[in-house]
Amino acid sequence: INAEYGRKRIRKQNRAANEAARKERVLLGLEDEKKPKVKIANMMRVHAQKAVMDPTAIESMVQREVAARRAAHEAANSARALTPAERREKKRRKLLGDASDGVHVAVYRVADLSHPQRRFKVNKTARDLLLVGCALLAPPFALVIVEGSPKALLKFKKLMLRRIDWTANVPIQSEYYRSQIEEQKREELGVAASAAIDDDTQATFAANVSEALQPDSSNNSCMLVWEGVVPTHSFRAWSLETAATESAARFFLQSHNCEHYFNICNSAG
């Protein structure tokens, strides 16, 4: 609040200084006096005598002046407007921020990130915000590490802690994931992909697939376990990784000099 008040006060002082300088230039004859900004609303007050004598002509003149001011305003706006490429570059600069004071990092612990819809949201948002790091699916939890500007990390934090409902039981809609589940369940039942299935096996197969496509997320959770500033980046890009074992997850993080993030998440659980 104090910062906003300070900005308003400075703008007010600057406007007053500019207006005083303009009036001084007018007095010295260096600049013409501003013409009154006449509108239909104040036309009679500004052009009192003339407006009474010929209101139609004065109204036409005022409308032309209004149209000219609007055209000049729109032309100035168009001249200042950024091109699509410049807008993209400006957005990119704001998201990347300034890394001169260090790299901002946030580490999240997710109990279960196997749902493809939630995994897609995390992956897509991280890429859109130009973050680097990884979402590492490893037993017994998933680890999400993001590095970037404070602005980008704040947006990502809202996604992780507010926008995604981690405990909602959302059915899996992905056809690709369904085909993978069906193939996995066939292997568990010892049935080849092209082989026919008897009625009993078909019922078991359908029940297993249905259960896998409607996972129970009531005990799922996501927490921010650490955020801070580090001297250098641990990652060069964003990736989605899967580790079959805890040792594989630790080995992957070790290669990026950040195995301690796994220890922090492990102790937080």
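Whatever comes next refers back to the structure up there.
Residues numbered from 1 in each chain as written. Predicted model: local features only at pLDDT ≥ 70, side-chain atom pairs only at ≥ 80, totals over all residues. Heavy atoms only, no water.

(A) Summary view of helix α10 (residues 246–254). The set of residues buried in α10 consists of Ala-249, Arg-250, Phe-252 and Leu-253. Along α10, the residues classed as buried sweep out an arc of 160° about the axis, all on the same side. Those residues of α10 that are exposed and aimed more than 90 degrees away from the buried face are Ser-247 and Phe-251. Packed against the buried residues of α10 are β2 (132–138), β3 (141–148), β5 (238–242) and α11 (259–268). (Buried < 20%, exposed > 50% of the residue type's maximum accessible area, 1.4 Å probe, protein only. Helix = DSSP H or I, 4+ residues; strand = E, 2+ residues; numbered from the N terminus. Arc of directions from axis to C-beta. Contact = heavy atoms within 4.5 Å.)

(B) View of the nonpolar core. Among the nonpolar cores identified, the biggest contains 23 residues, and Leu-113, Val-122, Val-144, Val-146, Phe-156 and Met-160 are the most heavily contacted of them. Those elements that provide at least two residues to this core are β1 (103–110), α6 (116–128), β2, β3 and α7 (150–163). No other element matches α7, which puts five residues into this core. In this structure Val-144 touches Ala-106, Val-107, Tyr-108, Val-110, Leu-113, Val-122, Cys-134, Ala-135, Phe-156, Met-160 and Trp-238, once residues within four positions along its chain are discounted. Core analysis: the next-biggest nonpolar cluster, separate from the first, contains 21 residues, Leu-136, Val-225, Phe-235 and Cys-258 among them. (Core = buried A, V, L, I, M, F, W, Y, C linked by side-chain atoms within 4.5 Å.)

(C) Broad picture of the packing of aromatic side chains. All chains considered together, the criterion is met by three aromatic pairs. Here the aromatic rings of Phe-141 and Phe-262 are separated by 5.1 Å at their centres, their planes lie at 35°, and the arrangement is tilted. With Phe-141 in strand β3 and Phe-262 in helix α11, the pair connects residues that are 121 residues apart, well separated along the chain. For Phe-141, a relative accessible area of 2% gives the class buried. Residue classification places Phe-262 among the buried residues on the basis of a relative accessible area of 1%. (Phe/Tyr/Trp six-rings, centres within 6.5 Å; stacked < 30°, edge-to-face > 60°.)

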